[in-house]
Amino acid sequence: MLARRCIPRSTSATRLSRGLASMNSKGTVQNTDYALQDISQTLPSDATIFSLIQPTGKFHLGNYLGATRIWKQISQSKQPTQTAIFGVADLHAITVPKPDPMEFLQCRREALASILSLGIDPQNAIMMYQSEVPQHTQLHWVLSTFTSMGVLNRMTQWKAKAKSNHMSVKLGLFSYPVLQAADILLYKATHVPVGDDQCQPLELCRSIAQQFNQFYGDENFFPIPRTILAPTKKILSLGDPLKKMSKSDPNKDSNIYVNDAADVIVKKIRKAVTDSVTGPITFDPVNRPGVSNLLNMVSGITQREMSAVEQEVSHLSHLGEFKNYVAEIVVEELRGPRERYEQLMNEPEYLKQVGDQGAERARAIAEVNMRQVYRMMGF
């Protein structure tokens, strides 16, 4: 068993008060620093924070550091007048066919359990399944009438899929970004915490909101949502540090899952692709992508700037020691979420209760907003 280390955290009053990076009034992307504990206090008192994650099974470390840990910080520190809505994007998930309904049902449960395992209190944040709020698809259709095919043709995910086999790609994937926009605008969300790979869909969402507002003569009807980016850079594959960590990777050792056992995490990190460079451990994404990826994990988990992490590892003499150091930090960080996840997966009735109550609360908001949309359009 790995010995527990004392991992220094950035907890000074100065860093805690910093929260979000400063931005002008017209800015649409907010970069967070590592003082996440204060993030809700830096948002407007009437902010609505919204984000979903796909039910593609258990969360990996990239999901955790890229977006969902911010969900936890928001739910813990949000003001009573702020609204936080988080959940499972199960309608988005079926753009990839799900022939086994029982397996899909299990993935949906795992996703909700993974969110809750992070310590998010369903009393402080609405937790729901997207499919249980029918207004998502209603608004999706409305917004699709404001979205040009030319814009959708330029979306990165569509271009990548269509390039390989254009004739086999389904309409659902093509209109996927419009449903994402509907998800956000349905709740009149003002802030959306996501990973940096979601910046393009968020730009489209803002464009659709502006078009709708201008067309119907009310520039304030849909708030123009701002993107909240986590301070951690993209977590990359342990097997190929030139691509991001992904649950679709056939090499299962390339991912670290939130519920991985300690010995599994240690094994994966020890097998991680690095390099043969001797000397100090340095952050150099171009020349040392594997080592830099591991350093990025440490920076994200410990919530410290990269320069401080490099100083911390400066005494390590070879990569084996460095990997053991990284493994200890990751194991300790994920110990609590793993134990809570295992407990939650043994409580299906509780998961159902959380999902049902969250859907009820979400539908109450969605129904009012959708009624306003229809009234504005003349329905």
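On a predicted model such as this, the values are computed, not experimentally measured, just so you know.

A.B. asks: Could you clarify how one ought to interpret the packing of helix α2 (residues 61–77) against helix α12 (residues 289–302) in this entry?
C.D. replies: To characterise two packed helices, one gives the angle between the axes of the helices and the distance between these axes. α12 packs onto α2 with a crossing angle of 40 degrees between their chain directions and a minimal axis gap of 11 Å. As far as their axial angle goes, α12 and α2 are oblique. In the crossing of α2 with α12, the sense of the turn from one axis to the other is left-handed. Across the interface between the two elements, Leu61, Leu65 and Arg69 of α2 pack against Met297, Gly300 and Ile301 of α12. Looking at the contact of α2 with α12, its residues break down into four nonpolar, one polar and one charged.

A.B. asks: I would appreciate a short explanation of the confidence of the model for the protein chain in the present structure.
C.D. replies: Averaged over the protein chain, the pLDDT score is 87; the fraction of residues at 70 or greater is 88%. Considering only residues more than four positions removed or in separate chains, one finds that residues 1–26, a stretch of pLDDT under 50, has 50 contacts.

A.B. asks: I tried to follow the pattern of salt bridges on my own but got confused; where do I start?
C.D. replies: Close approach of charged atoms allows side chains with opposite charge to pair. Enumeration over the complete set of coordinates arrives at eleven salt bridges. Glu333 is the salt-bridge partner of Arg69, the closest N and O atoms lying 3.7 Å from each other. Separated by 264 residues along the polypeptide, Arg69 in helix α2 and Glu333 in helix α14 (residues 319–345) bring together distant segments of the chain. The exposure classification of Arg69 matches that of Glu333, with both residues buried. Close ionic contact of Arg206 with Glu203 constitutes a salt bridge, the shortest N to O distance being 2.6 Å. Of this pair, Arg206 and Glu203 are both found in helix α10 (residues 199–215), three residues apart, which corresponds to roughly one turn of the helix. Note on Glu203: relative accessible area 39%, which makes it partly exposed. Connected through salt bridges with shared partners, the residues Asp90, Arg108 and Glu132 form a single ionic network.

A.B. asks: Looking at this model, I keep getting lost on α2. Mind explaining?
C.D. replies: Side chains that are three or four residues apart share a direction in an α-helix, a result of its 3.6 residues per turn. Its 17 residues give α2 an end-to-end C-alpha distance of 23 Å, which sits within 8% of 24 Å, the value for a rise of 1.5 Å per residue. The sharpest bend along α2 comes to roughly 50 degrees, located at Ala67. Counting buried residues in α2 gives 15 out of 17 residues, a clear majority hidden from the surface.

A.B. asks: Any chance you could explain unusual backbone geometry here in plain terms?
C.D. replies: Negative phi is the rule for most residues except glycine; trans is the rule for most peptide bonds. Notably, Lys188 is not glycine yet its phi reads approximately 50 degrees, a positive angle. Following the sequence through the fold, Lys188 ends up in the loop between α9 (176–186) and β5 (191–194). Positioned with a positive phi, Gln303 is a non-glycine residue whose angle comes to about 55 degrees. The class for Gln303 is buried, based on a relative accessible area of 8%.

A.B. asks: Would you explain the pairing of β5 in this entry?
C.D. replies: In the case of a regular strand, side chains alternate between the two sheet surfaces. Every second residue of β5 is oriented toward a common face, with His191 and Pro193 on one face and Val192 and Val194 on the other, all of them buried. Pairing of β5 with strand β6 (residues 226–229) involves four bridges; the strand directions are parallel. For Pro193, the partnering residue across the bridge sits in β6 and is Ile228. Taking the sense of rotation as the criterion, the β-α-β connection linking β5, α10 and β6 turns out right-handed.

A.B. asks: It is not clear to me how the packing of aromatic side chains should be interpreted in this structure. Could you clarify?
C.D. replies: Under the definition given, this model contains twelve aromatic pairs. Considering the side-chain rings of Phe146 and Tyr216, the 6.2 Å spacing of their centres and the 55 degrees angle between planes classify their relative orientation as tilted. A residue pair is termed long-range when its members are at least 10 positions apart, and Phe146 in the loop between α5 (135–144) and α6 (149–153) and Tyr216 in the loop between α10 and β6 qualify at 70 residues. The exposure class of Phe146 is buried, given its relative accessible area of 14%. We classify Tyr216 as partly exposed; its relative accessible area is 25%.

A.B. asks: Explanation requested: the environment of Pro193 in the structure shown.
C.D. replies: Within the secondary structure, Pro193 is located in strand β5. Taking C-alpha positions, Pro193 is 6.2 Å from Ser51, a pair spaced 142 residues apart along the chain. For Pro193, the residues in contact, after removing those within four places along its chain, are Ile49, Phe50, Ser51, Ala67, Ile70, Trp71, Ile74, Phe86 and Ile228.

Parameters at a glance
Residues numbered from 1 in each chain as written. Predicted model: local features only at pLDDT ≥ 70, side-chain atom pairs only at ≥ 80, totals over all residues. Heavy atoms only, no water. Axes fitted to C-alpha atoms, helices over the stretch in contact; angles between N-to-C directions. Helix = DSSP H or I, 4+ residues; strand = E, 2+ residues; numbered from the N terminus. Parallel < 35°, antiparallel > 145°, perpendicular 65-115°, else oblique. Left-handed = near helix turned anticlockwise from the far one by under 90°. Contact = heavy atoms within 4.5 Å. Nonpolar A, V, L, I, M, F, W, Y, C, P; charged D, E, K, R; others polar. pLDDT = per-residue confidence, 0-100. Salt bridge = Lys/Arg side-chain N within 4 Å of Asp/Glu carboxyl O. Buried < 20%, exposed > 50% of the residue type's maximum accessible area, 1.4 Å probe, protein only. Expected span 1.5 Å × (residues − 1). Bend = angle between axes of the 7 residues up to and from the residue. Pairing = 2+ DSSP bridges. Right-handed = clockwise from strand over helix to strand, strands pointing away. Phe/Tyr/Trp six-rings, centres within 6.5 Å; stacked < 30°, edge-to-face > 60°.

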